[in-house]
Amino acid sequence: MQKVLVTGGCGFIGSHTIVDLINNGFDVVSVDSNIRSSTQLLEGVEKITGKKIRNYKVDLCNLEDTNAVFHENRDIVGVIHFAALKSVGESVNDPLFYFQNNLTSLVNVLKCIKEFNIPNFVFSSSCSVYGNATELPVVEETPLGEAQSPYARTKQIGEQIIEDYSRVNATQSILLRYFNPVGAHPSALIGELPLGKPDNLVPVITQTAIGKLPKVTVFGTHYPTRDGSCIRDYIHVMDIANAHTKALQYLIEKRNAKNLEVFNLGTGTGVTVLEAIHAFEKVSGLKLNYELGAERPGDVIAIYANNTKARTELGWDPKSGIEEMMRTAWQWEVALRDRVLNN
Ligand code: WQD
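Sequence order as written defines residue numbering, which begins from 1 separately in each chain. This being a predicted model, a pLDDT of at least 70 is required before a residue's local features are given, and a value of 80 or more before pairs of side-chain atoms are given or counted; all residues contribute to the totals for chains, interfaces and linings. In computing side-chain values, all of the structure's heavy atoms are included and hydrogens and water are not.

### Structural notes on the overall build of the chain
Helix and strand definitions here come from DSSP, where helices need a minimum of 4 consecutive H or I residues and strands a minimum of 2 consecutive E residues; each element is numbered from the N-terminal end. Scanning the chain from N- to C-terminus turns up 11 helices and 13 strands. Note that the radius of gyration is over C-alpha atoms, with the globule rule given as 2.2 Å times the number of residues to the power 0.38. Relative to a compact globule of 343 residues, whose C-alpha radius of gyration would be 20 Å, the chain shows 19 Å and is just as compact. The principal-axis extents of the C-alpha atoms in the chain amount to approximately 55 × 50 × 40 Å. Classification of residues uses two cut-offs on accessible area relative to the type maximum, computed with a 1.4 Å probe and protein chains only: under 20% is buried, over 50% is exposed, and between them is partly exposed. Evaluated residue by residue, the chain yields a buried proportion of 57% over its 343 residues. Whether two residues are in contact is decided by their heavy atoms, any of which lying within 4.5 Å being enough. For the chain, the proportion of contacts with a sequence separation of at least 24, taken over those separated by at least 6, is 80%. By element, 52% of the accessible surface of the chain is carried by carbon and sulfur atoms, the whole surface being about 14600 Å². Counting rule for charge: Lys and Arg are taken as positive, Asp and Glu as negative, and neither His nor the chain ends is counted. Note on charges: their place is set at NZ of Lys, CZ of Arg, CG of Asp or CD of Glu. Each charge sign in the chain was given a centre, from 33 positive and 38 negative side chains, and these centres are 3 Å apart. Areas reported as accessible are Shrake-Rupley estimates using a 1.4 Å probe. Residue values count occlusion only from the protein chains shown.

Structure representation (structure tokens):
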């Protein structure tokens, strides 16, 4: 059974990807410092798959500790690198923390991949590398715009580090540019677990609906869009997860033309904030308490993907629309509340 090392495996996208990897016959080990996560999601992964996933509680910014993990897992066929800080707002307030953490960890992982001759590498990138793209939908060749936050800039620099590394190393690498990952596994055993007050729209919606937050504020309703609110390409986390499995299989089967390739992971459909709220109300049967508020600095007006390349080359076929994303996100929020009430 081929083994994969997943960094950030205790996180939202990492845990869902581990489920998909196991469902596709891979063995998995996780490395996660748990500074922004706990092993709760890996317990959910075990309930879903029946497999207990070992997590090495290691800070990837410590090269010696990271090297020790690779030394103990020399048989891995690839690394999927999720581990990174990802709060846009926090990155604006503490840029050096983001540059130090997100870039040092990446360089250390690449050093180990090189030392142990790991053949395949998949990097968690983000649509935020496009900045305020004027050409929509964005394709992989769309020129990268000015990063709207230090978080986005760590993803841009991360991609450039991998590009320079790939020029002089044989590792086969893929950059996956996520749009907005939302939703949860249909079992409601794993999902998004924001520590503290969430920044992202969908957990704000579900926490408002469950009563943990008083209301949703729509950040801006006078944008030049069909209803005045921002447009995003929301993508189900299980579709994102499957794209990682497909990317790894693509590299293992040597179907890649170059040793560094980039793919957009979005549905290709733009959804406004108000449309997302109405989709939630429809699937939950609830009236959501929301107000129209001021614009949030750093928000791009609209961005959504052209996903043709991932569909045709990876054989990726995203399944869920916005209503399924909202349904699973809501089921997860309700399961979290019921778990607290029953414990
Ligand atoms: C979505 C829309 C907000 C909260 C960020 C990162 C991106 C990725 C996903 C990691 C925007 C609006 C939000 C609220 C609102 N991160 N909104 N009220 O900023 O598109 O993307 O998260 O992979 O890289 O940049 O996501 O969910 O914060 O915002 O109106 O309370 O919802 O203005 O238009 P964003 P988001």
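This is not the end of the story, as more comes after the structure.
### Quick notes on the sheet that holds strand β6 (residues 172-178)
Taking strand neighbours across the sheet as the criterion, the 7 strands line up as β3-β2-β1-β4-β5-β6-β11 in an open arrangement whose pairing is parallel. Each edge of the open sheet is held by one strand with a lone partner, namely β3 (55-56) and β11 (260-265). Bridge count for strand β1 (residues 3-7) against strand β2 (residues 27-31) is 5 bridges, and the pairing is parallel. When the bridges of β2 are listed, Thr7 appears paired with Val31. Fitting a line to C-alpha atoms yields each axis, with helices limited to the stretch in contact; the angle taken between N-to-C directions then spans 0 to 180 degrees. Against the sheet, helix α8 (residues 237-252) touches β1, β4 (76-81), β5 (120-126), β6 and β11, its axis set at about 160 degrees to β6. A pair of strands is treated as paired once DSSP finds two or more bridges between them.

### Focus: unusual backbone geometry
Going from Leu136 to Pro137, the amide bond is cis rather than trans, its omega being -5 degrees. Tracing the chain through its elements places Pro137 in the loop between β5 and α6 (150-167). The backbone phi angle of Lys254 is positive, close to 55 degrees, even though this residue is not glycine. Considering the arrangement of structural elements, one finds Lys254 in the loop between α8 and β11. For Lys254, a relative accessible area of 69% translates into the label exposed.

### Observations concerning the UniProt feature "domain: NAD(P)-binding" (unreviewed entry) in the chain
UniProt positions are given in the numbering used here, feature names are shortened, and annotations may be inferred rather than shown by experiment. What UniProt calls "domain: NAD(P)-binding" (unreviewed entry) maps, in this numbering, to residues 5-327. Taken as a whole, residues 5-327 contains 40% helix and 17% strand, while its terminal C-alpha atoms sit 31 Å from one another.

### Let's talk about the packing of aromatic side chains
Any two aromatic rings considered together are summarised by their centre-to-centre distance and by the angle between their planes. Ring pairs shown here join Phe, Tyr and Trp side chains whose ring centres sit within 6.5 Å, with only the six-membered ring taken for Trp; geometry is labelled stacked below 30 degrees between planes, edge-to-face above 60, and tilted in between. A complete count under the given rule lists 6 aromatic pairs for this structure. Here the aromatic rings of Phe280 and Trp330 are separated by 5.4 Å at their centres, their planes lie at 85 degrees, and the arrangement is edge-to-face. Remark: Trp330 occurs in helix α11 (residues 322-342) and Phe280 occurs in helix α9 (residues 273-284); sequence separation between them is 50 residues. Each member of the pair, Phe280 as well as Trp330, is classed as buried. Here, over-ring charges are defined by two tests on the NZ atom of lysine or the CZ atom of arginine: distance to the ring centre within 6 Å, and angle to the ring normal within 35 degrees. One residue, Lys309, lies across the ring of Phe263, its end atom 4.8 Å from the ring centre.

### Quick notes on the site of the ligand
Nearness here has a simple test: a residue counts as near a molecule or strand if at least one of its heavy atoms is within 4 Å of that partner. Taken together, 19 residues lie around the ligand, and Ser126, Leu201, Thr217, Arg232 and Asp299 are the ones closest in. Under the rule applied, a polar contact is a pair of N or O atoms within 3.5 Å (in protein, one hydrogen donor and one hydrogen acceptor; residues adjacent in sequence only if both atoms are side-chain atoms). Measuring from a nitrogen atom of the ligand, one finds a backbone N or O atom of Thr217 at 2.8 Å. Residue Asp299 places a side-chain N or O atom 2.5 Å away from an oxygen atom belonging to the ligand. Elements represented by at least two residues in the shell around the ligand include exactly α7 (201-210) and β8 (216-219). If you tally residues by element for the shell around the ligand, the top one is β8, at 3 residues. Charged means Asp, Glu, Lys or Arg here, nonpolar means Ala, Val, Leu, Ile, Met, Phe, Trp, Tyr, Cys or Pro, and polar covers whatever is left, Gly included. The residue inventory of the shell around the ligand, partitioned by class, reads 9 nonpolar, 5 polar and 5 charged. What fixes the domain bounds is an automatic or database domain assignment. If you count residues domain by domain, the shell around the ligand takes at least three from each of domain 1 (3-183 + 234-267) and domain 2 (201-231 + 269-303 + 321-342).

### Overview of the domain arrangement of the chain
One widely used convention gives an interface's size as the accessible area the parts lose upon coming together. Taken domain by domain, the chain consists of domain 1 (3-183 + 234-267) and domain 2 (201-231 + 269-303 + 321-342). Between the C-alpha centres of domain 1 and domain 2 the distance comes to 26 Å. On the domain 2 side, the residues contacting the 17 residues of domain 1 number 19 residues. The contact between domain 1 and domain 2 buries some 1300 Å² in all, and 67% of this surface belongs to carbon and sulfur atoms. Accessible area that two parts lose when put together, with a 1.4 Å probe and added across both, is what the buried area reports. Looking only at domain 1, the three residues that lose the most surface to domain 2 are Tyr234, His236 and Thr267, adding up to 40% of its buried area. Every case where a carboxyl oxygen of Asp or Glu lies within 4 Å of a side-chain nitrogen of Lys or Arg is listed as a salt bridge. Summed over the shared surface of domain 1 and domain 2, the result is 0 salt bridges.

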